[in-house]
Amino acid sequence: MPETSVAHFYDELADDYHLIYSDWDASVRRQGDALSALIGQDRAAVLDCSCGIGTQAIGLALRGHRVTGTDLSPRAAARAAREAARRSLGLRTAAADMRRLPFPDGQFDTVVCADNSLPHLLAERDVHTALAEMRRVLRPGGLLLVSTRPYDDLLRDRPASTPPQVHQVADGGERTVTFQLWHWHDDGEHYDLEHFQLLPAGGEWRVQVRRTTYWALGQDRLAGLAAEAGFVGPQWRMPQDTGFFQPLLVARAGE
């Protein structure tokens, strides 16, 4: 799927993205805490190169890190900046492709690419290019944090859908329901995703459907691509150990 289609998917989703979570603010804090514990230093210079509306970037800024956010979606990056400003946080954002990061070499202590963003890249060469760019903008020894869905498990079962997630406005207000349908390609690795949101509309439901494509990238393969791109010691850390909601590939930029 061309990159413009991915940008369009997230441009369309930007206003409603928080409705994926039962409590977005709580998720922002929880994810920021988990990632900050892995960073393990104060006021790190962090690039979130798939920042979306700011879920991880704002969480890390709340922990005192100096965060820059980029995203392929201009609307998502702009919302991240607005959400940070509402919380009196400094968060620089820009629209940028993770394969062409607009920063000089060695500028950051940590690069974050979370929430299954990297698997939007559908070919090995593109994943390698993105990882090489993340390595380039990291200082020697800098930290890489990439999270994906647990694809080793999902590739065994190839599910056709995800369970519904319900967001409810505080004090018993209206609910929004989000779920996904997955359509696996013949290669068994790529899948088209239909993202459904059921939004309350005057006693009825309004249905919003958005579509994109992913590559179910297994953990050994992604770790190997990270090593080829110049990272050392890649290892997977699981949610039960980190408190983060997805498996995390943790690696260091080679000296």
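The text that follows walks through the structure, step by step, so that each part is easy to find. (Residues numbered from 1 in each chain as written. Predicted model: local features only at pLDDT ≥ 70, side-chain atom pairs only at ≥ 80, totals over all residues. Heavy atoms only, no water.)

1. Observations concerning the sheet that holds strand β6 (residues 165-168)
Part 1 of the reasoning: Here we have four strands laid out as an open sheet, ordered β6-β7-β8-β9, and antiparallel in their pairing. If you trace the sheet from one side to the other, it starts and ends with β6 and β9 (204-215), each paired once. In this sheet, adjacent strand axes meet at a mean angle of 20° when their direction is disregarded. (Pairing = 2+ DSSP bridges. Helix = DSSP H or I, 4+ residues; strand = E, 2+ residues; numbered from the N terminus. Axes fitted to C-alpha atoms, helices over the stretch in contact; angles between N-to-C directions.)

2. Quick look at the packing of aromatic side chains
Part 1 of the reasoning: In the structure shown here, the tally under the stated rule is ten aromatic pairs.
Part 2 of the reasoning: On the numbers, 6.3 Å between centres and 50° between planes, the contact of Tyr17 with Tyr21 is tilted. The burial state of Tyr17 is the same as that of Tyr21; both residues are buried.
Part 3 of the reasoning: Of the aromatic side chains, those joined through ring pairs into one cluster are Tyr151, Trp182, Trp184, Tyr191 and Tyr214. (Phe/Tyr/Trp six-rings, centres within 6.5 Å; stacked < 30°, edge-to-face > 60°. Buried < 20%, exposed > 50% of the residue type's maximum accessible area, 1.4 Å probe, protein only.)

3. Observations concerning the pairing of strand β8 (residues 190-201)
One face of the sheet, then the other: side chains in a regular strand alternate in exactly this way.
Part 1 of the reasoning: Pairing between strand β7 (residues 175-184) and β8: eight bridges, direction antiparallel. Across the sheet, the residue bridging to Thr178 is Gln197, located in β8.
Part 2 of the reasoning: Taking the residues that link successive antiparallel strands as the turn, the β7-β8 hairpin has five residues, and the phi of Gly188 there is positive, at about 75°.
Part 3 of the reasoning: By the bridge criterion, twelve bridges tie β8 to β9 in an arrangement that is antiparallel. Paired with Asp192 across the two strands is Thr213, which belongs to β9.
Part 4 of the reasoning: The loop that links β8 with its antiparallel partner β9 comprises two residues; one of these, Gly202, has a positive phi angle of about 60°.

4. Points about the nonpolar core
Part 1 of the reasoning: Grouped together as the largest cluster of nonpolar side chains are 43 residues, with contacts concentrated most on Leu145 and Tyr191.
Part 2 of the reasoning: In terms of residue count, helix α2 (residues 24-39) provides more of this core than any other element does, six residues in total.
Part 3 of the reasoning: In terms of nonpolar packing, the next biggest core, distinct from the first, is built from 31 residues, Cys49, Met134, Val137 and Leu144 among them. (Core = buried A, V, L, I, M, F, W, Y, C linked by side-chain atoms within 4.5 Å.)

5. Regarding the sheet that holds strand β3 (residues 92-95)
Part 1 of the reasoning: Spatially, β3-β2-β1-β4-β5-β11-β10 is the arrangement adopted by the seven strands of the open sheet, whose pairing is mixed. Either end of the sheet is taken by a strand with one partner, and the two such strands are β3 and β10 (231-237). Within the sheet, the average angular offset between the axes of one strand and its neighbour, ignoring direction, is 15°.
Part 2 of the reasoning: Examined bridge by bridge, strand β5 (residues 138-147) and strand β11 (residues 248-253) share five bridges and lie antiparallel to one another. If you follow Leu145 over to β11, its bridge partner there is Val250.
Part 3 of the reasoning: Each of β1 (45-48), β4 (108-113), β5, β10 and β11 touches α2; the most contacted strand, β5, lies at about 145° to it.
Part 4 of the reasoning: Sitting on the sheet, helix α7 (residues 219-228) touches β5, β10 and β11, and the angle it makes with β10 is about 160°. (Contact = heavy atoms within 4.5 Å.)

6. Describing the side chain of Arg99
Part 1 of the reasoning: Note on placement: Arg99 falls in the loop between β3 and β4.
Part 2 of the reasoning: Residue classification places Arg99 among the buried residues on the basis of a relative accessible area of 14%.

7. Here's the deal with the pairing of β11
Part 1 of the reasoning: Across the six residues of β11, five count as buried, placing the element largely inside the fold.
Part 2 of the reasoning: Across five bridges, the pairing between β10 and β11 is antiparallel. Bridge pairing links Trp236 to Leu249 in β11.

8. As for the environment of Trp215
Part 1 of the reasoning: Mapped onto the elements of the fold, Trp215 is located in strand β9.
Part 2 of the reasoning: Owing to a relative accessible area of 2%, Trp215 belongs among the buried residues under this scheme.
Part 3 of the reasoning: In sequence terms Trp215 and Tyr151 are 64 residues apart; their C-alpha atoms lie 9.3 Å from each other.
Part 4 of the reasoning: Setting aside anything within four residues of it in sequence, one finds Trp215 in contact with Pro119, Leu121, Leu122, Ala123, Glu124, Val127, Tyr151, Glu189, His190 and Arg221.

9. Describing unusual backbone geometry
Part 1 of the reasoning: Positive phi outside glycine occurs at Asp115, with the angle close to 60°.
Part 2 of the reasoning: Within the fold, Asp115 resides in the loop between β4 and α5 (124-137).
Part 3 of the reasoning: Relative accessible area serves as the criterion here: at 18%, Asp115 is assigned to the buried category.
Part 4 of the reasoning: Unlike most non-glycine residues, Asn116 shows phi in positive territory, near 60°.
Part 5 of the reasoning: Among the structural elements, Asn116 can be located in the loop between β4 and α5.
Part 6 of the reasoning: Owing to a relative accessible area of 3%, Asn116 belongs among the buried residues under this scheme.

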